[in-house]
Amino acid sequence: MSDNDLHRIAVAAADKEAAAFELDHADLNLKEAVVIALEHGTPPEVIAQVADLDPDEVIHLVQTIEEPALLTLDEIDPTPAKDSA
């Protein structure tokens, strides 16, 4: 096996890892958008149509969320941490 072969394998593995990260990121963005739309009163059937999902998949997306993807402005503490030294 040549160095070129090993390099191609390393690049392909890195590409696969980057694609998996992008897919995870897109999944989180979709979940967040669905939650926000539901909070704004959008029916799951409408969300499903726009997202090209079944209404049951929309509900399943929401149920699989463990914690919010992003902090809300209310959750951000603007007070800087004080150094205890």
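Remember, predicted model here, so these are calculated numbers, not experimental data.

Turning our attention to the overall build of the chain. Check the secondary structure of the chain and you find three helices and zero strands. Moving toward the C terminus, one meets the helices and strands of the chain in the order α-α-α. For the chain, buried positions account for 8% of its 85 residues. Accessible area for the chain stands at about 7,300 Å²; split by element, carbon and sulfur atoms hold 57% of it.

Looking now at helix α1 (residues 3-39). Between the first and last C-alpha of α1 there are 54 Å, a value that for 37 residues agrees with the 54 Å anticipated at 1.5 Å per step. All of the buried residues along α1 are K31, V34 and A37. Residues of α1 that are buried sit in contact with α2 (44-51) and α3 (55-63). Just past α1, the residue G41 takes up positive phi, approximately 90°.

A separate point is the packing of α1 against α2. Between α1 and α2, the shortest axis-to-axis distance is 10 Å and the interhelical angle comes to 145°. Where α1 crosses over α2, the handedness of that crossing is right-handed. Contacts between α1 and α2 involve L30, V34, A37 and L38 on the former and, on the latter, P44, I47 and A51. Grouping the constituent residues of the contact of α1 with α2 by class yields seven nonpolar, no polar and no charged.

Together, D52, D54, D56 and E57 line one region of the surface with negative charge. Relative to the assigned elements, D52 resides in the loop between α2 and α3. Since its relative accessible area comes to 70%, D52 is described here as exposed.

Looking now at the confidence of the model for the chain. Averaged over every residue, the pLDDT of the chain is 85; residues scoring 70 or more account for 76%. The secondary structure element of the chain with the lowest average pLDDT is α3, at 87, and the one with the highest is α2, at 95.

Rules of the game
Residues numbered from 1 in each chain as written. Predicted model: local features only at pLDDT ≥ 70, side-chain atom pairs only at ≥ 80, totals over all residues. Heavy atoms only, no water. Helix = DSSP H or I, 4+ residues; strand = E, 2+ residues; numbered from the N terminus. Buried < 20%, exposed > 50% of the residue type's maximum accessible area, 1.4 Å probe, protein only. Areas by Shrake-Rupley, 256 points an atom, 1.4 Å probe, with all protein chains shown as cover. Expected span 1.5 Å × (residues − 1). Contact = heavy atoms within 4.5 Å. Axes fitted to C-alpha atoms, helices over the stretch in contact; angles between N-to-C directions. Left-handed = near helix turned anticlockwise from the far one by under 90°. Nonpolar A, V, L, I, M, F, W, Y, C, P; charged D, E, K, R; others polar. Patch = residues over 30% accessible without salt bridge, like charges linked within 9 Å, V, L, I, M, F, W, Y side chains within 5 Å. Salt bridge = Lys/Arg side-chain N within 4 Å of Asp/Glu carboxyl O. Lys, Arg positive; Asp, Glu negative; His and termini not counted. Charge placed at Lys NZ, Arg CZ, Asp CG, Glu CD. pLDDT = per-residue confidence, 0-100.

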